[in-house]
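# Fold and contact review
One-letter residues, chain by chain:
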Amino acid sequence: MNGLSKKILIVEDEQSLLKILERLFRSSNFIVLKAVNILEAQALLGENPAVILLDILLPGESGLNFLTEVKNQDKYKNIPVIILSNYSDTETKKQAQEKGADLYLVKIDNTPMQILEKVNDVL
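The following paragraphs examine the structure supplied in this document. Everything numeric in this text was worked out from a predicted model, so none of it was measured. (Residues numbered from 1 in each chain as written. Predicted model: local features only at pLDDT ≥ 70, side-chain atom pairs only at ≥ 80, totals over all residues. Heavy atoms only, no water.)

### Observations regarding the packing of aromatic side chains
Rule in force here: Two rings from Phe, Tyr or Trp (for Trp, the six-membered ring) form a pair when their centres sit within 6.5 Å of each other. Planes less than 30 degrees apart are called stacked, planes more than 60 degrees apart edge-to-face, and all others tilted. Throughout, exposure labels follow a simple rule: accessible area from a 1.4 Å probe, protein chains only, divided by the maximum for the residue type, with under 20% read as buried, over 50% as exposed, and the rest as partly exposed. Geometrically, a lysine NZ or arginine CZ counts as sitting over a ring once it is within 6 Å of the ring centre and also within 35 degrees of the ring normal.
On inspection of all chains with the given rule, the structure shows one aromatic pair. Their ring planes at 90 degrees and their centres at 5.0 Å tell us that Phe-25 and Phe-30 sit as a pair that is edge-to-face. On the basis of relative accessibility, which here comes to 0%, the residue Phe-25 falls in the buried class. Directly above the ring of Phe-30 sits Lys-6, whose terminal nitrogen or CZ lies 4.7 Å from the centroid.

### Digging into the environment of Ala-101
Here is the rule we go by: Counting from the N terminus, the helices are the DSSP runs of H or I reaching at least four residues and the strands are the DSSP runs of E reaching at least two.
One can find Ala-101 in the loop between α4 (90–98) and β5 (103–106). A sequence separation of 42 residues divides Ala-101 from Pro-59, and the C-alpha atoms of the two residues are 20 Å apart.

### Here's the deal with the sheet that holds strand β3 (residues 51–54)
Within a sheet, neighbouring strands are paired by backbone hydrogen bonds and run either parallel or antiparallel to one another. Basically, it comes down to this: Any two strands are treated as partners once DSSP identifies two or more bridges connecting them. Helix axes are fitted to C-alpha atoms over the stretch in contact, other axes to C-alpha atoms as well, and angles between N-to-C directions run from 0 to 180 degrees. Contacts were defined at the residue level, with two residues in contact if any of their heavy atoms lie within 4.5 Å.
The five strands are arranged β2-β1-β3-β4-β5 in an open sheet whose pairing can be described as parallel. Only two strands of the sheet have a single neighbouring strand rather than two, namely β2 (30–35) and β5. Direction aside, the axes of adjacent strands within the sheet are offset by 20 degrees on average. Sheet contacts for helix α1 (residues 15–27): β1 (6–11), β2, β3 and β4 (81–85); angle to β2, the most-contacted strand, approximately 160 degrees. Across the sheet, helix α3 (residues 63–71) touches β1, β3 and β4, and the angle it forms with β3 is around 160 degrees.

### Let's talk about the nonpolar core
For clarity, the cut-off: Among buried residues, the Ala, Val, Leu, Ile, Met, Phe, Trp, Tyr and Cys ones that are joined through side-chain atoms within 4.5 Å form a nonpolar core.
By size, the foremost hydrophobic cluster in this structure holds 24 residues, and its most contacted members are Leu-9, Val-11, Ile-52, Leu-54, Phe-66 and Ile-83. Elements supplying a minimum of two residues to this core: β1, β2, α2 (38–44), β3, α3, β4 and β5. If one sorts the elements of this core by residue count, α3 sits on top with four residues. In this structure Leu-54 touches Val-11, Gly-63, Phe-66, Leu-67, Val-81, Ile-82, Ile-83 and Leu-84, once residues within four positions along its chain are discounted. Judged by nonpolar contacts, the second largest core, of 17 residues, contains Phe-25, Phe-30, Ile-115 and Leu-116.

In structure tokens form, the structure reads like this:
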């Protein structure tokens, strides 16, 4: 791994968006770890991602539960978690912040390029 590579864990079940984000982050020297549900995301935590991009609406379990799990573990609590969701309501944003989200992005309000910029800002 060269000094420029950073690991990002993208937890997103929408395949088209996942492919776009994967390509974009790879072309920006990120090592991309992908998960389409919480079980896969949990399995990839051990890879020590530098940042987690997390959808809330996932098959089986809410991304907010995974956020709580990450922030409650000493080993992972300092990994920045950026929520990327279709939910734009204040209550969901507030819940995410209370659970430790570092940033909350609404999918429709952000282009993939803006998402990349915001991830780099958090890092």
